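If you want the building blocks of each chain, they are given just below.
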Amino acid sequence: MSKSALLTIHQALRRSFHSLENNQKLWKSVLAECIPLMASLENLAEQSRALSNVQISNTPLKDFPEVEELLRFKLSQAMDTVLCKLHENMASLQSLRDSLTNQVSTVVQLYEQNTDTLDLVTVTERSATIPSVVDMLEWLQDAERHYRQQFVRRKTLLHALSSGNLNFLATATKKWKELDTPGAEDQITDTLCKVSFFVESS
Amino acid sequence: MEGDVTNVNRKCSAVTGSGRKLKDNAADWHNLMLRWEKLNDEGFTIASNIVNARRSSASVSPLCSGEAEGSSGDLVLGNSALREECEKLEDVVNKMAAIVAKMERLMASQRGLVDLEEFQFGPQGRKVPLFHGWNAKDFVSSCGLLLRSFTSELRLKRVLLREVAHCADRDLSLVYLSCWLHQPLVPARARLALEAVLLETGQRHLPG
């Protein structure tokens with residue numbers, strides 16, 4: 001009985017690590033897509049600021065009195081387009097986060113349902129190729145927490161950028177990159193390494 | 001419009017006469033606008049080079065005629081190279097002027113079709129549409145918007161051409177570049193007008 005519970009949990013853990021590996025790849029690619037979008041926002045904000053600093057009626061553009069309003073409209077439309085794409089990327093991140101969260105809570109639930117049949121020795125036992133159940137659960141929960149926190153921080157930043165404050169937008173790329181946590185990402189890569197034999201075994 | 005609504009993807013066989021002319025005109029409008037966009041991109045690159053050259057040129061002797069390194073390491077254009085870029089930009093603006101001239105000719109041809117329609121069918125125009133629902137006046141109205149937009153934008157481009165190499169103010173230079181890139185005098189409505197013309201003449205189809 002203990003053996004079959006262990007087998008079920010192992011299977012669920014394998015699915016979770018597959019999901020985590022997939023998650024990590026897709027998460028990185030979505031974040032990479034956001035970098036040029038942040039640069040666009042900065043660029044458009046700079047153009048808007050320049051327009052605000054200029055008195056059109058004192059320049060050679062004075063023959064086009066409507067140009068200021070029309071240009072401002074186009075710049076704001078362009079910013080909206082970029083923000084829209086960023087929101088779409090944020091939705092992708094949300095869906096990745098949700099999928100991992102679901103996967104991890106399923107396996108934790110399964111573990112909790114079987115605590116009667118699984119003794120301490122079984123869940124802490126590890127071999128050269130198979131880490132212990134408790135270690136694997138801990139690593140999964142750490143990874144899930146990392147993505148949950150990352151999502152909240154990035155969503156909050158996007159919300160602030162959407163407010164249209166030009167001075168804030170001027171350093172959009174820097175602020176976005178400041179949210180990177182290479183340490184946590186390295187830990188997830190490390191985890192996937194540690195469980196690679198386990199995941200590949202059937 | 002009374003009567004049955006035509007299926008928007010109905011193929012209209014306008015092989016002769018006014019229908020043919022309008023269909024060809026619509027295709028010409030589309031091609032002219034594509035060429036304009038290409039020239040706009042080309043012009044933006046040249047104008048950016050000119051503005052960047054002006055920004056860096058303060059740190060280099062104004063007497064040099066070739067290219068040199070500025071204090072920040074950017075490639076700096078000397079006087080003759082800068083003049084060359086300005087000539088390239090002038091060339092772009094002249095090509096855009098040629099496009100607007102072609103647009104004027106298309107409009108003249110479309111107005112001619114309105115006159116013909118009035119002659120044939122009276123002041124209300126034809127009762128049975130050539131395509132889905134428009135008569136010749138509708139084409140003139142949509143394309144008129146396009147012509148007005150591009151004529152204004154060309155006027156703006158000429159001012160930008162004249163001023164971009166002489167502007168020392170950083171913010172104003174950026175505004176000039178913004179104006180070139182974003183074409184504030186060509187409203188989004190103008191592109192929609194072109195799409196409407198293409199849809200009407202069956203050269204665009206609605207999905208589904």
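Residues numbered from 1 in each chain as written. Chains lettered and ligands numbered in written order. Predicted model: local features only at pLDDT ≥ 70, side-chain atom pairs only at ≥ 80, totals over all residues. Heavy atoms only, no water.

An unreviewed UniProt entry lists chain A under the name AFG2 interacting ribosome maturation factor, from Hippocampus comes.

(A) Looking closely at the overall build of chain A. The number of helices and strands found in chain A is 8 helices and 0 strands. Secondary structure elements of chain A, listed N to C terminal, follow the sequence α-α-α-α-α-α-α-α. Computed over its C-alpha atoms, the radius of gyration of chain A comes to 24 Å, more than 25% above the 17 Å expected for a compact globule of 202 residues. When its C-alpha atoms are laid out on the principal axes, chain A stretches across 85 × 25 × 25 Å. Per-residue burial over chain A gives 41% buried out of 202 residues. Long-range pairs, those at least 24 residues apart, make up 86% of the contacts in chain A between residues at least 6 apart in sequence. For chain A, the exposed surface amounts to about 11000 Å²; the carbon and sulfur share of it is 53%. Charge separation in chain A, taken as the distance between the mean sites of 21 positive and 25 negative side-chain charges, equals 2 Å. (Helix = DSSP H or I, 4+ residues; strand = E, 2+ residues; numbered from the N terminus. Rg over C-alpha atoms; globule rule 2.2 N^0.38 Å. Buried < 20%, exposed > 50% of the residue type's maximum accessible area, 1.4 Å probe, protein only. Contact = heavy atoms within 4.5 Å. Areas by Shrake-Rupley, 256 points an atom, 1.4 Å probe, with all protein chains shown as cover. Lys, Arg positive; Asp, Glu negative; His and termini not counted. Charge placed at Lys NZ, Arg CZ, Asp CG, Glu CD.)

(B) Expanded view of the overall build of chain B. If you tally the helices and strands in chain B, you get 5 helices and 2 strands. Residues counted as buried form 44% of the 208 residues belonging to chain B. The contacts in chain B between residues at least 6 apart in sequence include a share of 76% that link residues at least 24 apart. Summed over all atoms, the accessible surface of chain B reaches about 11000 Å², with 54% contributed by carbon and sulfur.

(C) Up close: empty space enclosed by the protein. All names here are of chain B. All told, the structure shown has 1 cavity of 30 Å³ or more when counted by the stated rule. Along the walls of the largest cavity sit Val114, Glu117, Glu118, Pro123, Gln124, Gly125, Asn135 and Lys137, which together make up its complete lining. In terms of residues, the lining of the largest cavity owes the most to one element, helix H2 (residues 79–121), which gives 3 residues. Taken together, the residues that form the lining of the largest cavity break down as 2 nonpolar, 3 polar and 3 charged. (1 Å grid on protein atoms, 1.4 Å probe; cavity = no way out; pocket = protein on both sides within 12 Å on 5 of 7 lines; lining within 4 Å. Points joined across faces, edges and corners; volume = space filled by probe spheres on them. Nonpolar A, V, L, I, M, F, W, Y, C, P; charged D, E, K, R; others polar.)

(D) Main features of the nonpolar core. If you look at the biggest cluster of nonpolar residues, it comprises 113 residues, and the most contacted ones within it are A:Leu13, A:Phe17, A:Leu20, A:Leu61, A:Leu86, B:Trp29 and B:Val175. Among the elements that take part in this core, helix H1 (residues 2–53) of chain A stands out by supplying 18 residues, more than any other. What A:Leu20 contacts, discounting residues up to four positions off in sequence, is A:Leu100, A:Leu140, A:Ala143, A:Tyr147, A:Ile188 and A:Leu192. (Core = buried A, V, L, I, M, F, W, Y, C linked by side-chain atoms within 4.5 Å.)

(E) Spotlight on the interface of chain A and chain B. Taken together, the contacts link 20 residues of chain A with 21 residues of chain B. Summing the contributions of chain A and of chain B, the shared interface buries around 1700 Å²; its carbon and sulfur component is 72%. In this structure, the salt-bridge partner of B:Arg170 is A:Glu46, at a minimum N-O distance of 3.2 Å. There are 7 residue pairs in polar contact (both at pLDDT 80 or more) connecting chain A and chain B. Of all the secondary-structure elements, those providing two or more residues to the side of chain A that touches chain B are H1 and helix H2 (67–113) of chain A. (Buried area = accessible area lost by both parts, 1.4 Å probe. Salt bridge = Lys/Arg side-chain N within 4 Å of Asp/Glu carboxyl O. Polar contact = N/O pair within 3.5 Å; in protein donor to acceptor, adjacent residues only side chain to side chain.)

(F) Local environment of unusual backbone geometry. Residue and element names in this part refer to chain B. Residue Gln183 is not a glycine yet carries a positive backbone phi of 45 degrees. You can see Gln183 is positioned in the loop between helix H4 (170–182) and helix H5 (188–200). For Gln183, a relative accessible area of 2% gives the class buried.

(G) Representation of the packing of aromatic side chains in the model. Taken as a whole and assessed by the stated rule, the structure comprises 3 aromatic pairs over all chains. Summarising the aromatic geometry, the rings of B:Trp36 and B:Phe150 are spaced 4.8 Å apart at their centres and angled 70 degrees between planes, so their arrangement reads as edge-to-face. Placement of B:Trp36 in helix H1 (residues 17–56) and of B:Phe150 in helix H3 (residues 136–163) is noted, with a sequence separation of 114 residues between them. Take B:Trp36 and B:Phe150: they sit in the same class, and that class is buried. Seen from the ring of A:Phe168, A:Lys175 lies directly overhead, with NZ or CZ sitting 4.3 Å from the centre. Across from the ring centre of B:Trp180, 4.4 Å away, lies the NZ or CZ of B:Lys157, which sits over that ring. (Phe/Tyr/Trp six-rings, centres within 6.5 Å; stacked < 30°, edge-to-face > 60°. Lys NZ or Arg CZ within 6 Å of the ring centre and 35° of its normal.)

(H) Region of the structure containing the pattern of salt bridges. If you walk through the whole model with that rule in mind, you get 17 salt bridges over all chains. The closest approach of N and O atoms between A:Arg145 and A:Asp142, which form a salt bridge, is 3.2 Å. Note that A:Arg145 and A:Asp142 are positioned in helix H4 (residues 133–161) at a spacing of 3 residues, about one turn of the helix. For A:Arg145, a relative accessible area of 38% corresponds to the partly exposed category. For B:Asp24, the salt bridge is made with B:Arg20, and the minimal N-O distance between the two is 3.0 Å.

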